[in-house]
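Residues per chain, in single letters:
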Amino acid sequence: MLNINQCLQQIFGEAISTAYPGLENAPLTVTLNQQAKFGDYQCNSAMPMAQMMKAKGQKVSPREIAEKIVQNIPNNELIERTEIAGPGFINVHLKRMFVSKLLSNLLVNGVQPPSLKKKKKVVVDFSSPNIAKEMHVGHLRSTIIGDSMCRLFEFLGNEVLRLNHVGDWGTQFGMLIAHLQDKFPNYLSVSPPIGDLQAFYKASKKRFDEDEEFKKRAYQCVVKLQSKEPDFIKAWNLICDVSRNEFQKVYNCLDIRIEERGESYYQDMMTVVVKEFEEKGLVQLDEGRKIVFAPGQSIPLTIVKSDGGYTYDTSDLAAIKNRLFDEKADIIIYVTDSGQVTFLFILRIICIDVDDQITKCFQC
Ligand code: ARG
């Protein structure tokens with residue numbers, strides 16, 4: 001499909017360079033006219049050009065420049081007429097026939113994507129709420145923006161992988177499972193009434209904050225879950241399902257398709273990533289934690305906690321590796337709230353540093 005603004009930029013660019021061949025990097029501004037009575041588009045280059053020339057000791061009025069530009073407009077099928085207004089604005093009226101042809105084409109064929117040079121594999125990480133916690137407005141915003149980006153990439157003909165990197169492997173599960181064990185000891189045979197997961201979460205968090213013994217046990221539970229003990233996996237599955245159903249209601253309303261690949265999906269890959277960082281001598285110990293500094297960064301990533309558990313950092317590192325090397329992504333996009341910016345920036349540095357050969361586009 002033809003882009004009128006681009007065509008006009010080309011026409012005026014040519015007119016300017018023919019009119020003033022000696023003026024390097026002449027500013028080229030073509031905009032849609034806000035008020036239809038002044039024409040359809042406007043070229044506002046004459047004023048900044050006059051300033052440029054003044055700086056070089058040539059005093060020419062913007063109106064004079066505008067006139068010279070107009071005289072040099074090349075033959076084209078778009079422009080009906082131009083007029084110079086005010087200090088040197090060039091108003092552009094388009095040919096009605098030309099516009100009506102464009103519009104009928106749009107009506108008959110719909111909006112057509114520009115032709116794609118090379119189909120790309122695009123991974124979009126969006127939505128990504130946390131299990132057992134409520135999806136908040138930040139997640140909703142990410143869901144809507146992320147899905148819109150996916151639709152656009154697909155419309156352009158790319159292959160898109162939509163990923164929901166849900167928080168499903170962290171400390172909150174230790175608290176929840178420890179609480180579940182106390183309050184519903186028969187949870188392995190009977191489905192516990194945790195329909196109101198928020199209330200359940202709040203109660204377990206209260207105990208976690210107030211009771212040292214409970215806290216210790218909660219941490220042990222996370223480690224047992226992360227080492228995949230069957231009873232813990234069963235409790236974890238119960239909890240995840242309740243949350244998943246809640247999230248799905250929102251996705252159904254918004255007509256969102258997304259593949260869940262939460263932190264737990266990367267469990268085995270996390271072990272490998274930690275080992276690789278260790279073998280490369282990049283890991284430092286900090287009060288029992290294993291941390292990694294990205295080149296030039298003062299904030300480290302925690303890849304193993306002092307109790308041996310993994311963090312969101314670890315799963316994100318495993319995920320990026322998987323997305324680059326297994327999924328063979330050309331473009332990876334994270335749609336998160338600004339709270340994650342520092343972290344994603346570090347991740348980007350690590351990713352580029354992992355292998356100089358990586359020329360993938362990784363956008364935060
Ligand atoms: N679950 C995280 C949160 O709610 C967002 C995760 C964003 N995606 C990622 N790959 N880190 O804050």
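Here's a quick rundown of the structure. Keep in mind the model is a prediction, meaning the values are calculated, not measured.

A few words on the sheet that holds strand E8 (residues 283-286). Spatially, E8-E9-E10 is the arrangement adopted by the 3 strands of the open sheet, whose pairing is antiparallel. The sheet terminates laterally at E8 and strand E10 (301-304), the two strands that pair on one side only. Here the average twist between neighbouring strands, direction ignored, is 45°. Note that strand E9 (residues 289-292) and E10 share 3 bridges and pair antiparallel. Residue Ile291 lies in a different strand from E10, and its bridge partner there is Thr302. With respect to the sheet, helix H10 (residues 267-279) is in contact with E8, E9 and E10, its orientation differing from that of E10 by roughly 110°.

Here the focus is the environment of Val250. With respect to the helices, strands and loops of the structure, Val250 is situated in helix H9 (residues 230-254). By relative accessible area, which is 25% here, Val250 ends up partly exposed. Separated by 180 residues in the primary sequence, Val250 and Val70 place their C-alpha atoms 55 Å from one another. Ignoring any residue separated from it by four or fewer positions in sequence, one finds Val250 in contact with Met135 and Leu140.

What counts, and at which threshold
Residues numbered from 1 in each chain as written. Predicted model: local features only at pLDDT ≥ 70, side-chain atom pairs only at ≥ 80, totals over all residues. Heavy atoms only, no water. Pairing = 2+ DSSP bridges. Helix = DSSP H or I, 4+ residues; strand = E, 2+ residues; numbered from the N terminus. Axes fitted to C-alpha atoms, helices over the stretch in contact; angles between N-to-C directions. Contact = heavy atoms within 4.5 Å. Buried < 20%, exposed > 50% of the residue type's maximum accessible area, 1.4 Å probe, protein only.

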